[in-house]
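# Structural description and commentary
Here is how the chains run, residue by residue.
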2 protein chains.
Amino acid sequence: MLNLKVNKARIQHNILELGEIGLSQKGGVNRSLASQADIDSRKWIKEYWLKNVVSEITTDVGANLWGSYPYVSEKELAPIIIGSHNDSVPEGGKYDGALGVLLATEVSQTLSENEITLRHPLKVISLTGEEPNPYQISTLGSKIISGVVGQDNLKKFSHIETKESLADAIDRLGGDFQHIDENVLKPDSFAAFLECHIEQGRRLFEREEPVAVVSSITGIYRELVELKGESNHAGTTDLKHRKDALLAMSWINLELRKFLSEFDETDPVVGTIGFAEVLPNAANIIPGSVKFNIDIRSGNWQKVEQTITFLDECFEQLWEKGIQNQREKILYQKPADLNKQISAALVASTEEEYKYQPQQMTSMAGHDAANLARIGRAGMLFVKSVDGKSHCKEEFSQIDDIEVAGNVLLNTILRLDKELD
Amino acid sequence: MLNLKVNKARIQHNILELGEIGLSQKGGVNRSLASQADIDSRKWIKEYWLKNVVSEITTDVGANLWGSYPYVSEKELAPIIIGSHNDSVPEGGKYDGALGVLLATEVSQTLSENEITLRHPLKVISLTGEEPNPYQISTLGSKIISGVVGQDNLKKFSHIETKESLADAIDRLGGDFQHIDENVLKPDSFAAFLECHIEQGRRLFEREEPVAVVSSITGIYRELVELKGESNHAGTTDLKHRKDALLAMSWINLELRKFLSEFDETDPVVGTIGFAEVLPNAANIIPGSVKFNIDIRSGNWQKVEQTITFLDECFEQLWEKGIQNQREKILYQKPADLNKQISAALVASTEEEYKYQPQQMTSMAGHDAANLARIGRAGMLFVKSVDGKSHCKEEFSQIDDIEVAGNVLLNTILRLDKELD
């Protein structure tokens, strides 16, 4: 192998520069799907790519950005794709998504500067709308290109506040909703999809290791619940005659936590109510209804299903007390295994570059790679998150760990370019 | 006494007409302080009054509307004031507040049509911002004119979303914030304040009685809490490392309910979390903070204080688990006794007109009359609420019960006009 190395200072600089886009006064990054900051970050990426990395940029029907690496010898081969997403959660960090895009960028830039000719076409990608967002669909870009969703499913989505249709938002970002079904990736139409991402958990932090290889991606069940009680006066309605929807949600929240705490920690199931909206939401009115999400995750799908059954019983009990519910399944995504050949290449690259054997682990967060894994070879590399923090402004990964990831990715691209057809 | 009677059909018509203002597609009335619908309802009232009821309308420093009854023989006497408020909660009903304004209007219109000359000046009033609202101060108009709050306190309030200062909102409604301290009612500067209001509870409904006399008004304690945990990824953060602010609020909600349920039902204390706002409020992020109100009410202030002590202990327990809090006291309003002479006049009028002795009861809702009671004679009449419902679109009072209330008020005005100096 050539002794190519990524440029640590440049990565650092790019993380901070891209991280300015959507930065709020509170210090969090806000680049929700189709927001102005989403648009601004796309502009930054396109300008940077054209100046430093690629020969051509295209935007696909799902508004994903693709950059084409210039030095390729066997253009007829299926491409190797490397990247992640540019959007963020509200008040999120500078690393989730952005790091994967920037390391894909850095790897390509390093190859390009050294005028390395690859056999396979190499595509850098920045995916659309990976995070939950007001249009209520996550990993959007990868769902579209892997054919997990099509025009018919996507028609029903719209912005929860502005009511803009998802179709309009996609077109506004440069996509082409009308032709969204026509241009999906065919199965095995790419040689490999490679994504680097922060772990967002504490496992690497506690082991003091810089990177790990992702063997599978957690299953995620998510529902949107509307509990309906009865709004009434908070002074004059005695306790016995109340049907307080927020109190009912509070009970579900505590029951869920008790239930999950009983599972074995070594094979965890986690559950969260992260979004809740109370109506009418006034100090002196008993809440008549509350909308909220329940998110359940595990690498062990059977445990997720046990939890859903438990929730069914809880909602049944509430119904008997006069609290009705409407429950809509938003995600029912079973755990996804990633490709063993790509994982092996990531392990081998880490061993070669850094003389240590990386852990292989289940990702407890969902990722675009899970969608791509349905139609081709997908692999992921995790970078240590300090203190396991993520989806918050404190999210942080050390530049030395990031450098390790960059060099492992670089080595892996070169390795896969040789190995794969 | 003259055999004057209010006009039932006219009251009915006016309830429906005023109830159209701020009516949403969901069927609730939305006339929050300083909203367009608040402004529109004020316009309706002023036009109706000028056309049918009064000789002159003035707007005081607090933007309360005052109408002057034309036929008065002893203009030097302190006035009798009758009215209620024109604003509403979000998605509220057509009766809360509006009914009191419209019955005051009807009584005056009936007197005026018959050219009845009163000894005392009679003032119809529509008070500003009685309900909780985004400026975060309720019974605003009555607080201003009874001197409970002044310019210094009021300066700090602003709209929770638009950030408009309360001062600007008051001026926009026709008030005069700069001179708000100068024009308050002096103690005993009015002969009587009389307010009719729906009960908003089930007591009259269960007894099948049309009206009751309010002997005192509940004490209300209200605080705005901000719980601060740690926002983090809902998949990758194990249960043990979570500091979920919404889960903490859920626990407070259930503990509060358990504590209140242990009090004797005949001397009740009620408590509610009616407003809650989660941050960052996304499906896959553990809530880092939540703002919410706790509202505690009882006619027995000692029990309210016991409940506050209990809450202190709960928040202390949360603090030990890493959930910090900021608590701001919004209301600390002890129970208010209403004037016995006015109550006696209301009882006597009911007996005379309808040959039955009305109940005397504590109001479990706060009312403007509680503020006026601090500086002069105040009395209240309750009208039956069907099924006890209030602060919701189902809020309803039967027109026959409303007619009873109207005639009792009319009789009471004539009675007090003779009795009082």
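Conventions we followed
Residues numbered from 1 in each chain as written. Chains lettered and ligands numbered in written order. Predicted model: local features only at pLDDT ≥ 70, side-chain atom pairs only at ≥ 80, totals over all residues. Heavy atoms only, no water. Helix = DSSP H or I, 4+ residues; strand = E, 2+ residues; numbered from the N terminus. Rg over C-alpha atoms; globule rule 2.2 N^0.38 Å. Contact = heavy atoms within 4.5 Å. Areas by Shrake-Rupley, 256 points an atom, 1.4 Å probe, with all protein chains shown as cover. Lys, Arg positive; Asp, Glu negative; His and termini not counted. Charge placed at Lys NZ, Arg CZ, Asp CG, Glu CD. Least-squares fit on C-alpha atoms with pLDDT ≥ 70 in both. UniProt positions renumbered as here; feature names shortened; annotations may be inferred. Buried < 20%, exposed > 50% of the residue type's maximum accessible area, 1.4 Å probe, protein only. Polar contact = N/O pair within 3.5 Å; in protein donor to acceptor, adjacent residues only side chain to side chain.

### A short note on the overall build of chain A
Each helix and strand in chain A was counted, giving twelve helices and 16 strands. For chain A, the C-alpha radius of gyration of 23 Å lies close to 22 Å, the compact-globule estimate for 421 residues. Counting only C-alpha atoms and orienting by the principal axes, one finds that chain A spans roughly 75 × 45 × 40 Å. A separation threshold of at least 6 residues defines the contact pool for chain A, and within that pool the share at least 24 residues apart is 79%. For chain A, the exposed surface amounts to about 15800 Å²; the carbon and sulfur share of it is 46%. If the 45 positive side-chain charges of chain A are averaged to one point and the 63 negative ones to another, these points end up 2 Å apart.

### Concerning the relation of the copies chain B and chain A
Overlaying chain B with chain A gives an RMSD of 0.1 Å, the required rotation being 180° about an axis along which the chain moves by 0.0 Å. Read as a symmetry element, the transformation amounts to a two-fold axis. Minimal C-alpha separation from the rotation axis in chain B is found for B:Ser250, amounting to 2.1 Å. Interface overlap between copies is the fraction of interface residues in one copy that are interface residues in the other; for chain B against chain A it reaches 100%, indicating a shared surface.

### Considerations on the UniProt feature "binding site: Zn(2+) 2" (unreviewed entry) in chain A
Summarizing the sequence annotation, UniProt attributes the feature "binding site: Zn(2+) 2" (unreviewed entry) to A:Asp96, A:Glu131 and A:His391 in the numbering used throughout. These annotated residues cover 296 residues of sequence, and their C-alpha atoms all fall within 9.9 Å of one another, placing them together at a single site. Looking at where A:Asp96 falls in the secondary structure, it is placed in the loop between β3 (80-85) and α3 (98-113). For A:Asp96, a relative accessible area of 5% corresponds to the buried category. Among residues more than four places away in sequence, those in contact with A:Asp96 are A:His85, A:Asp87, A:Glu131, A:His197, A:Ile198, A:Gln200, A:Ser390, A:His391 and A:Glu395. Within the structure, the side chain of A:Asp96 is placed 3.1 Å from the side chain of A:Gln200, a separation counted as a polar contact. Following the sequence through the fold, A:Glu131 ends up in the loop between β4 (122-127) and α4 (140-145). Not counting the four nearest positions on each side in its chain, A:Glu131 is found in contact with A:His85, A:Asp87, A:Ser88, A:Val89, A:Asp96, A:Ile137, A:Ser138, A:His391 and B:Asn284.

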